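# Results of the structural survey
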Amino acid sequence: MKKVEFPLFGENEYMFLNIGRLIDIERMTGKPAGEIIKNQNLDLGMLTIILSVALRHHKMRTPQWYANKLQDLVDEGIDLETDIQIPVVKCIAGSGILGKAVYYKLFPEEMTENSKEELETERKN
């Protein structure tokens, strides 16, 4: 499980997802967590749900709270894709649910010789 820095809603905040939190997202959306990314289904409703789950260790906030804050940020000129969607994708990949190849593609700085060998073995099989 990887923590992804995300200070847009509070200083020093970070988000993370683990199996329990992914189950919560699945319950709230009715969609499997892996399919959200594979189908590129990160619409605004999905983003607000993921943010409410991935950041809840800081404060319990509703998806509607995040919708209001996203509106404020968009009004201020934030780039929705770069500043919100990409970190959320990294957070989902950081959970490990999308596999090692996707994880290391998004976090190449964590690639070690051992993990590189594991990925090569996986690709051959």
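Just so we're clear, the structure is a prediction, and the values are computed from it rather than from any experiment. (Residues numbered from 1 in each chain as written. Predicted model: local features only at pLDDT ≥ 70, side-chain atom pairs only at ≥ 80, totals over all residues. Heavy atoms only, no water.)

### Topic: the packing of aromatic side chains
Going by this rule: Under the pairing criterion, centres of Phe, Tyr and Trp rings, with the six-membered ring standing for Trp, must be within 6.5 Å; the plane angle then separates stacked pairs below 30 degrees from edge-to-face pairs above 60, leaving the rest tilted. Numbering of helices and strands runs from the N terminus, with a helix taken as a DSSP run of H or I at least four residues long and a strand as a DSSP run of E at least two residues long. For every residue, the accessible area obtained with a 1.4 Å probe (protein chains only) is divided by the maximum for its type, and the residue is called buried under 20%, exposed over 50%, and partly exposed between those limits.
What the rule picks out here adds up to 7 aromatic pairs. Considering the side-chain rings of Phe 6 and Phe 9, the 5.7 Å spacing of their centres and the 50 degrees angle between planes classify their relative orientation as tilted. Their ring planes at 80 degrees and their centres at 5.0 Å tell us that Phe 9 and Tyr 66 sit as a pair that is edge-to-face. Of this pair, Phe 9 sits in the loop between strand E1 (4–5) and strand E2 (14–15) while Tyr 66 sits in helix H4 (residues 63–75), and the two are 57 residues apart along the sequence. The residues Phe 9 and Tyr 66 share a single accessibility class, namely buried. Through successive ring pairs, a cluster of aromatic residues spans Phe 6, Phe 9, Trp 65 and Tyr 66.

### Remarks on the nonpolar core
The criterion, for reference: Nine residue types can take part in a nonpolar core, namely buried Ala, Val, Leu, Ile, Met, Phe, Trp, Tyr and Cys, and a core is a set of them joined through side-chain atoms within 4.5 Å. In this analysis, two residues are considered to be in contact whenever any of their non-hydrogen atoms come within 4.5 Å of each other.
Among the nonpolar cores identified, the biggest contains 32 residues, and Phe 9, Met 15, Leu 17, Leu 42, Ile 50, Leu 51 and Val 88 are the most heavily contacted of them. Going through the elements one at a time, helix H1 (19–29), helix H2 (33–38), helix H3 (44–54), H4, helix H5 (80–94) and helix H6 (100–106) are the ones with two or more residues in this core. Here this core gets 6 residues from one element, more than from any other, and that element is H3. Setting aside residues up to four positions removed in sequence, Met 15 forms contacts with Lys 2, Lys 3, Val 4, Phe 6, Leu 51, Ala 54, Leu 55, His 57, Pro 87, Val 88 and Cys 91.

### Observations concerning the pattern of salt bridges
Worth spelling out the cut-off: Only one rule defines a salt bridge in this text: a Lys or Arg side-chain nitrogen within 4 Å of an Asp or Glu carboxyl oxygen.
Tallying each qualifying case throughout the model produces 6 salt bridges. Across the salt bridge formed by Arg 61 and Glu 13, the nearest N and O atoms sit 3.5 Å from each other. One end of the pair, Arg 61, is in the loop between H3 and H4; the other, Glu 13, is in the loop between E1 and E2, and 48 residues separate them in sequence. In terms of burial, Arg 61 and Glu 13 fall into one category: buried.

### Observations regarding unusual backbone geometry
One non-glycine residue with positive phi stands out, namely Asn 12, at about 65 degrees. Relative to the helices and strands, Asn 12 resides in the loop between E1 and E2.

### Describing the confidence of the model for the chain
Threshold: The predictor reports its confidence for every residue as pLDDT, a score running from 0 up to 100.
Averaged over all residues, the pLDDT of the chain equals 90, while 98% of them reach at least 70. Across the chain, E2 holds the top mean pLDDT of 97, while H2 sits lowest at 74.

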